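Descriptive structure summary
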Amino acid sequence: TRLDAMVVRAPRNAAVLMTAASAHALAGGVDRAESLLMTAIEVDPASMAAYSLLGRIYLAQKRLDAARARHQLQDLEFLAQHLRRLDHEVRRTGG
């Protein structure tokens, strides 16, 4: 497909990966969508949208343990990202 061609041209672009994953998920290609989402998360670990879509795929497949694990990772990544921002702000302002 056209989206797959875009993924080949930009294999480390999280937005392209997410768009292709969404299209594959909607078309029933959940295995390909899962693979693309795992790559998107590797590229952008703070992508809440990627974690969310992956969790929805796992829930639809009744892979509840995997969905829970992904949700926990999403929460941890959100906290880590927030802490990094706070640390940066503290260092920037000196206080």
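Scroll up to find the structure.
This section reports on the structure supplied with the text.

The rules behind each value
- Residues numbered from 1 in each chain as written.
- Predicted model: local features only at pLDDT ≥ 70, side-chain atom pairs only at ≥ 80, totals over all residues.
- Heavy atoms only, no water.
- Helix = DSSP H or I, 4+ residues; strand = E, 2+ residues; numbered from the N terminus.
- Contact = heavy atoms within 4.5 Å.
- Salt bridge = Lys/Arg side-chain N within 4 Å of Asp/Glu carboxyl O.
- Buried < 20%, exposed > 50% of the residue type's maximum accessible area, 1.4 Å probe, protein only.
- Axes fitted to C-alpha atoms, helices over the stretch in contact; angles between N-to-C directions.
- Parallel < 35°, antiparallel > 145°, perpendicular 65-115°, else oblique.
- Left-handed = near helix turned anticlockwise from the far one by under 90°.
- Core = buried A, V, L, I, M, F, W, Y, C linked by side-chain atoms within 4.5 Å.
- Expected span 1.5 Å × (residues − 1).
- Polar contact = N/O pair within 3.5 Å; in protein donor to acceptor, adjacent residues only side chain to side chain.

**Concerning the overall build of the chain**
- The secondary structure content of the chain amounts to five helices and zero strands.
- Secondary structure elements of the chain, listed N to C terminal, follow the sequence α-α-α-α-α.
- In the chain, once contacts between residues fewer than 6 apart in sequence are set aside, the share between residues at least 24 apart is 41%.

**Concerning the pattern of salt bridges**
- One pass over the structure, following the stated rule, counts two salt bridges.
- Across the pair Arg 12 and Glu 42 runs a salt bridge whose closest N-O atoms are separated by 2.9 Å. Pair noted here: Arg 12 is in the loop between helix H1 (2–9) and helix H2 (14–26) and Glu 42 is in helix H3 (residues 30–43), with a separation of 30 residues, a long-range link.

**Quick look at the environment of Ala 5**
- Tracing the backbone shows Ala 5 in helix H1.
- Accessibility expressed as a relative area gives 31% for Ala 5, which makes it partly exposed.

**Topic: the packing of H3 against helix H4 (residues 48–60)**
- Close contact between H3 and H4 brings their axes to 9 Å; oriented N to C, the two are set at 150°. By the criterion of interaxial angle, the relationship of H3 to H4 is roughly antiparallel. For H3 against H4, the interelement crossing comes out left-handed. Where H3 abuts H4, its residues Val 30, Ala 33, Glu 34, Leu 37, Met 38, Ala 40 and Ile 41 lie against Ala 50, Tyr 51, Leu 53, Leu 54, Ile 57 and Tyr 58.

**Quick notes on the nonpolar core**
- The biggest cluster of nonpolar side chains holds 17 residues, and the ones touching the most others in it are Val 7, Met 18, Ala 21, Leu 36, Leu 37, Ala 50 and Leu 53.
- Broken down by secondary-structure element, the contributors of at least two residues to this core are H2, H3 and H4.
- The greatest single-element share of this core, amounting to six residues, is contributed by H4.

**A word on the packing of H1 against H2**
- Contact geometry of H1 with H2 gives a least axis separation of 9 Å together with a crossing angle of 150°. As judged from the angle between their axes, H1 and H2 are roughly antiparallel. Handedness of the crossing formed by H1 with H2: left-handed. Counted together, Leu 3, Asp 4, Met 6 and Val 7 of H1 and Val 16, Leu 17, Thr 19, Ala 20, Ala 23 and His 24 of H2 form the full contact between these two elements.

**Notes on H2**
- Here H2 spans 18 Å end to end across 13 residues, near enough to the 18 Å set by a 1.5 Å rise per residue.
- Along H2, the positions that sit buried rather than exposed are Ala 14, Val 16, Leu 17, Met 18, Ala 20, Ala 21 and His 24.
- Summarising the contacts, the buried residues of H2 are in contact with H1, H3 and H4.
- Here H2 starts with a cap whose side-chain oxygen sits 3.0 Å from the backbone nitrogen of Ala 15, and that cap is Asn 13.
- Backbone geometry just after H2 places Gly 28 at a positive phi near 90°.

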